[in-house]
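Okay, here's what each chain looks like letter by letter:
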Amino acid sequence: MSGNACSPLREPLVLGGKKLGDITQDVCGSIEGKPSTLWWFGFLLALTVAGIGAATMGYQIYTGIGTWGLNKTVGWAFDITNFVFWVGIGHAGTLISAILCLFRQKWRTSVNRSAEAMTIFAVICAAIFPFIHMGRPWFGAFWALPYPNFRGPLWVNFRSPLLWDVFAISTYFTISLVFWFIGLIPDNATVRDRAKHWLRRAFYGTVSLGWDGSVKKWNHYETAYLIFAGLSTPLVVSVHTIVSMDFATSVIPGWHTTIFPPYFVIGAIFSGFAMVQTLLLVARKTMRLESYITVNHLEVMAKIILLTGSLVGLAYGTEFFIAWYSGSQYEQFAFINRATGPFSWAYWIMVSCNVLSPQVLWFRALRRNPVVLFIMSIFVNIGMWFERFVIIVTSLHRDFLPSSWSYYTPTWVEAVTFIGTFGIFFTCFFLFIRLLPAIAFGEVKGVMKWGQPKGHSHDAGHSHAHGEVKHA
Amino acid sequence: MPELLYCGVFKDDEDVLGAVKECREAGFDIHDVYTPYAVHGLDRAMGLPFSKITWVTFGCGLGGLTFGLSLMTYVTDYDWAMNVGGKSSLPFPAFVPVLFELTVLIGGLCTMLGLFIFCRLYPGKNPKMKHPRLTDDRFMIAVKKNQNFNIGRASELFRKFHAEQMLDLDSEYDCFASQGGTS
C-alpha cells in the first residue's frame, strides 16, 4: 500500500484523521456495549413481522397454495415475483466484494461486509418462495436433487432451467457465505483479543479459528481471497442469467427474448445497490459511521445506480423495438398490452421509479445528499419489484386464447408472506450488526493512507516505553 | 522444538516493510511478521513464495467439472435416456450452467478447506498471540536467534525504523507467559 495508495490526487477514503486503533474502537465498540433502545425496537419489530410471516407460510403449506390468487391463466405471479426480487437484491453484495475487488476499487472496503451480509439474507428470503411453491415442500429434496433412488431410478431433468436455478442459487448462497466467513476471520480475531467475558472469548475464538495475523498466513489468505473474488465474479453474472432463463427459454411472448440475461443482471445490480443504499444510509446514521461510509462512498454508489438504471431503461426500449422489428404480432401485442392494458398502472410505476427517478443523480449536489438518496433508493426498490411483476403477470394474463384472458389480484396470504420475508431479512440484519463487525476494518486499515499526505503516521497516541528491551 | 526469537514492535506499516528488507540484507532469519491487516508487498519482501493454494482451486475446480460432466452424461444418456422430439440424449449446451456451478462450488469449497489446512486454522485453536495489540494497531517482526543473529545489530536496526518495543520470546509462548516467567 505504500506506493500508489499515497497519491495526493485521491480523496481520502476514511475521514476525520482516524488512527488504526480508532477504527478498531469505533467498529468493535458498537458491538461490545449494550444494544440501544432503537436497536431493540427495530429488532423486535422485525422479529414480530417475521413471526407473522412464518405463521402465514405454515398456513399455506398446511392448506395448500390454493390460498393464493392464481388462476388457470396466471399460474405464476406474486411468488415468483418475490423470488426474483430477492435474488436481485442479493446481487450487490457479491458484486461489491468480488468484482470491485478485482477492479481494485478500494472504496469497497467500507461497505462490503454489510453488503455481503445483505446478500446472504436476501438469498435466504428468495429461497423461501420456490420452496413454498412446491406445494408439498417436504418432497423438495426428492424433486430437486439428483441422487440414485428406487423409483426407476428417476433423475432430475438437466435440460430444465428450473433445475439450473437450483444449482445456481445454492452455489451462489454457499460461495457467498464462505466468502463472507473468510472475510470475517481476521476481524473476529480482533474482537476476540478485546473480549473480556469468557462467553465472548469462546464465541469469537471459535469463529476466528485461531487467527494470529502472521504474514505467512496472510500470504495464503490474500491469495485465497483473490481466488474467491475470481470465482464469484462470473458467479454473480451467472445467477441472474440463469434466473432469466426460467423465462427466456419458454415460448411465452414477452418472455422468450435473448436480451433477458444481460437485462436481468443489470436490473439485479441496480436493485441490489438501491437496497445497499437504503440500509447503509440508515446504518451510518444510527451507528455513527459517517467517517467510514462517507458521502464519497454514497456518491460512487449513486453513480452505479444512475448507470444501471439508465441501462435498464435502455432494455425497456430495446424490448419494444425488437417486438416491433420482429414482425411477430403476438410479441407486439404483449408489449402494447404491457403499456396500455389492464396492468398498465404497474408498467408506468416501473418506468417512473426505475428510469425517471434515478435521473436526479445527474446533479452532483443531489448525489451527495443522503435524504435525496434515501428517497430515491426506496423508489428504485419499489420499481424493481414492479419490473418483475410486470414481466411475469402481464405476459401471462392475456394468453393466446381471448376467452381465457383474466386478471390477477393477490390474496392476503401472498401479501403477508411477502411482508414476512422483510421481517426475516431485517431480523437477520439486526442480529448481524450486533454480533459481527459491520465494517471490514481489517481491510479499511489497509486503505487508510489513501489520499493522506505522505508521512502520515499511525501513532495511536498510547504511551509505551520506546526502545524497551526485555531479555529472556 | 521452540525457537528463541527476538522481536520488534512497530506502529507503522512502512517501517515494518523497511525493517524486514534490512533484516534480510543483514542476513537474519525472519521467523514471521505479524500485522493487523494484509500489508501489500510484505510477503514478497520476506521472501515468501507465492501461495500454492491456486493449485488446490484449479485441481478441485477441474474435479467438480469432471464430476458434473460424468453425472449428467450417465443420467441423461445412459441410465435413463430420454427421447425429446428426436433430439440428442446428450444435450451438451444444456449442461453448461450446471457444469459451471459445480466447478465453482467444488473449487470454492476446496479452496476454503485448503486455506484452513495451509494456515492450520480450526475452531478452538489457541492463537498464542505474541502481543495483545497485533490484531489491533501494532506490527511485529520476529527474528530467529540462531547463528546468523547479532543482538546489537538487530536492536540498532529496529530502532532505526522507530521500533516501539523490543522483546525476547520463544516461538511457542505468547508475550505474557514469556514476560511472567523470565524478566
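Numbers given for residues are sequential positions, taken from 1 along each chain in its written order. The lettering of chains begins at A and the numbering of ligands begins at 1, in the order of writing. The predicted origin of the model limits local features to residues at a pLDDT of at least 70 and limits the giving and counting of side-chain atom pairs to 80 or more, whereas totals for whole chains, interfaces and linings rest on all residues. In computing side-chain properties, one takes all heavy atoms of the structure into account and sets aside hydrogens as well as water.

Across its full length, chain B holds six helices and four strands. Starting at the N terminus and ending at the C terminus, chain B contains elements arranged as β-α-β-α-α-α-β-α-β-α. Every radius of gyration here is taken over C-alpha atoms, with the globule rule written as 2.2 Å times N^0.38, N being the number of residues. For 183 residues, the compact-globule estimate of 2.2 N^0.38 gives 16 Å, and chain B exceeds it by more than 25% at 25 Å. Principal-axis analysis of the C-alpha atoms gives chain B an extent of 85 × 30 × 30 Å. In this analysis, two residues are considered to be in contact whenever any of their non-hydrogen atoms come within 4.5 Å of each other. A separation threshold of at least 6 residues defines the contact pool for chain B, and within that pool the share at least 24 residues apart is 78%. Methods summary: accessible areas were calculated by the Shrake-Rupley approach with a probe of 1.4 Å, and residue burial reflects only the protein chains presented. Working note: accessible area of chain B is about 8600 Å², and carbon and sulfur atoms make up 61% of it. Positive residues here are Lys and Arg, negative ones are Asp and Glu, while His and the chain termini are left out of the count. Lys charges are placed at NZ, Arg charges at CZ, Asp charges at CG and Glu charges at CD. Taken as two groups, the 17 positive and 21 negative side-chain charges of chain B have centres that lie 3 Å from each other. What counts as a helix is a DSSP run of H or I of at least four residues, what counts as a strand is a run of E of at least two, and both are numbered from the N terminus.

What follows concerns the overall build of chain A. Broken down by element type, chain A carries 17 helices and one strand. Against the globule reference of 23 Å for 472 residues, chain A gives a C-alpha radius of gyration of 24 Å, in line with a compact fold. For every residue, the accessible area obtained with a 1.4 Å probe (protein chains only) is divided by the maximum for its type, and the residue is called buried under 20%, exposed over 50%, and partly exposed between those limits. Of all 472 residues assigned to chain A, the portion counted as buried reaches 58%. For chain A, the exposed surface amounts to about 19000 Å²; the carbon and sulfur share of it is 71%. Of the side chains in chain A, 34 bear a positive and 22 a negative charge, and the two mean positions are spaced by 5 Å.

The subject of this paragraph is the packing of aromatic side chains. What characterises a pair of aromatic rings is the spacing of the ring centres plus the angle enclosed by the ring planes. For Phe, Tyr and Trp, rings pair up if their centres lie within 6.5 Å, where Trp contributes its six-membered ring, and each pair is then called stacked (planes under 30 degrees apart), edge-to-face (over 60) or tilted (otherwise). Inspection of every chain in the model, using the stated rule, returns 61 aromatic pairs over all chains. Seen from the ring of F50 of chain B, R44 of chain B lies directly overhead, with NZ or CZ sitting 3.9 Å from the centre. Here, over-ring charges are defined by two tests on the NZ atom of lysine or the CZ atom of arginine: distance to the ring centre within 6 Å, and angle to the ring normal within 35 degrees.

Attention shifts here to the interface of chain B and chain A. Contact with chain B, which involves 79 residues of that partner, is made by 74 residues of chain A. Two parts placed together each lose some accessible area; with a 1.4 Å probe, that loss summed over both constitutes the buried area. Taking both partners together, chain B and chain A bury about 6800 Å²; carbon and sulfur atoms supply 65% of that area. It is Y37, E101 and T135 of chain B that lose the most area in chain B upon contact with chain A, and together they represent 9% of the buried surface on that side. Each salt bridge in this description consists of a side-chain nitrogen of Lys or Arg and a carboxyl oxygen of Asp or Glu lying within 4 Å of one another. For the pair chain B and chain A, the interface holds zero salt bridges. Secondary-structure elements contributing two or more residues to the side of chain B that touches chain A are helix 1 (13-25), strand 2 (30-34), helix 2 (42-45), helix 3 (53-79), helix 4 (92-118), helix 5 (151-160), strand 4 (165-170) and helix 6 (175-182) of chain B. Take the side of chain B that touches chain A: its biggest share by element is 17 residues, from helix 4 of chain B. Polar here means any residue outside two lists: the nonpolar Ala, Val, Leu, Ile, Met, Phe, Trp, Tyr, Cys and Pro, and the charged Asp, Glu, Lys and Arg; Gly therefore counts as polar. Class assignment of the residues belonging to the side of chain B that touches chain A gives a composition of 45 nonpolar, 17 polar and 17 charged.

Summary statistics for chain B give a mean pLDDT of 84 and a share of 92% for residues scoring 70 or more. Predicted as a complex, the structure gets a pTM of 0.89 and an ipTM equal to 0.89. Confidence scores labelled pLDDT are given residue by residue by the predictor and lie between 0 and 100.

The next point concerns the side chain of D136 of chain B. Structurally, D136 of chain B can be placed in the loop between helix 4 and strand 3 (139-144). Although D136 of chain B lies buried, it forms no salt bridge, and the closest oppositely charged side chain, K445 of chain A, sits 4.2 Å away as judged by the N-O distance.

Here we take up the pairing of strand 2 of chain B. Residue and element names in this part refer to chain B. Counted residue by residue, strand 2 has five buried out of five residues, so it is predominantly covered. Two elements, strand 2 and strand 3, share four bridges in a ladder whose sense is antiparallel. By the bridge assignment, V33 is partnered in strand 3 with I141. Following DSSP output, two strands are said to pair if at least two bridges run between them.

Once that is clear, we can look at the pattern of salt bridges. Residues and elements named next belong to chain B. The full count for this structure, using the stated rule, is 16 salt bridges over all chains. A salt bridge links D137 to R133; the shortest N-O distance between them is 2.8 Å. In this structure, D137 and R133 share a single accessibility class: buried. Residue D137 is joined to R138 by a salt bridge in which the shortest nitrogen-to-oxygen separation is 3.3 Å.

W86 of chain A together with F158 of chain B are the most contacted members of the largest nonpolar core, which has 172 residues in total. The greatest single-element share of this core, amounting to 15 residues, is contributed by helix 9 (residues 215-248) of chain A. Here this core spans two domains, and each of domain 1 (4-50 + 134-179) and domain 2 (53-118) of chain B adds at least three residues to it. Not counting the four nearest positions on each side in its chain, W86 of chain A is found in contact with A122, C125, A126, F129, M275, F418, T421, F422 and F425 of chain A. As used here, the term nonpolar core means buried Ala, Val, Leu, Ile, Met, Phe, Trp, Tyr and Cys residues forming a set that is joined through side-chain atoms within 4.5 Å. Ranked by size, the runner-up nonpolar core spans 16 residues in total, among them W155, L163 and A168 of chain A together with M72 of chain B. For every domain, the bounds stem from an assignment made automatically or drawn from a database.

Before going further, it helps to examine the domain arrangement of chain B. Domain boundaries in chain B define domain 1 (4-50 + 134-179) and domain 2 (53-118). Taken over C-alpha atoms, the centre of domain 1 of chain B sits 45 Å from the centre of domain 2 of chain B.

What follows concerns the packing of helix 9 of chain A against helix 10 (residues 260-286) of chain A. Residue and element names in this part refer to chain A. An axis is simply a line fitted to the C-alpha atoms; with a helix, the fit covers only the stretch in contact. Between two such axes, the angle follows the N-to-C directions and lies from 0 to 180 degrees. Running from amino to carboxyl end, helix 9 crosses helix 10 at an angle of 125°, the nearest separation of the two axes being 8 Å. Looking at the two axes, helix 9 sits oblique to helix 10. Like other packed secondary-structure pairs, helix 9 and helix 10 cross with a definite hand, here right-handed. Listed contacts from helix 10 to V237, H240, T241, V243, S244, F247 and A248 of helix 9 are F260, P261, F264, V265 and A268. An angle counts as roughly parallel when it lies under 35 degrees, as roughly antiparallel when it exceeds 145, as roughly perpendicular when it falls between 65 and 115, and as oblique in every other case. When the near helix sits turned anticlockwise from the far one by under a right angle, the crossing is termed left-handed; a clockwise turn instead gives a right-handed crossing.

The next thing to look at is helix 15 (residues 370-397) of chain A. All names here are of chain A. Taking 1.5 Å per residue as the helical rise, helix 15 with its 28 residues ought to reach 40 Å, and the 40 Å between its terminal C-alpha atoms agrees with that figure. In this analysis the local bend is the angle between axes fitted, respectively, to the seven residues ending at and the seven residues starting at the residue. The largest bend in helix 15 comes to about 30°, at V390. In terms of burial, helix 15 is largely enclosed, as 20 of its 28 residues are buried. Nitrogen and oxygen atoms within 3.5 Å of one another constitute a polar contact, given that in protein one can donate a hydrogen and the other can accept it, and given that sequence-neighbouring residues count only through two side-chain atoms. Of the residues flanking the start of helix 15, the one acting as N-cap is N369, its side-chain oxygen 3.0 Å from the backbone nitrogen of V371. For a helix, the expected span equals 1.5 Å multiplied by the number of residues minus one.

For the rest of this paragraph, the subject is the pairing of strand 1 (residues 4-10) of chain B. Looking along a regular strand, one sees side chains alternate from face to face of the sheet. Residues and elements named next belong to chain B. Counting buried positions along strand 1 yields six of seven residues, so the element is predominantly enclosed. Two elements, strand 1 and strand 4, share six bridges in a ladder whose sense is antiparallel. Counted as the bridge partner of G8 is M166 from strand 4.

Here we come to the confidence of the model for chain A. All names here are of chain A. Residues with a pLDDT of 70 or more make up 93% of chain A, whose mean pLDDT is 86. For chain A, the element scoring lowest by mean pLDDT is strand 1 (residues 468-469), at 39; helix 13 (residues 344-356) scores highest, at 94. In the predicted structure, residues 1-6 sits below a pLDDT of 50 and forms 16 contacts with residues beyond four places in sequence or in another chain. Ignoring residues within four places in sequence, the model shows residues 455-472, a span with pLDDT below 50, making 47 contacts including any to other chains.

Right, let's get into helix 10 of chain A. For helix 10 of chain A, which comprises 27 residues, the first-to-last C-alpha distance of 39 Å matches the rise-based estimate of 39 Å (1.5 Å per residue) to within 8%. Immediately downstream of helix 10 of chain A, the backbone of R288 of chain A shows phi near 55°, a positive value.

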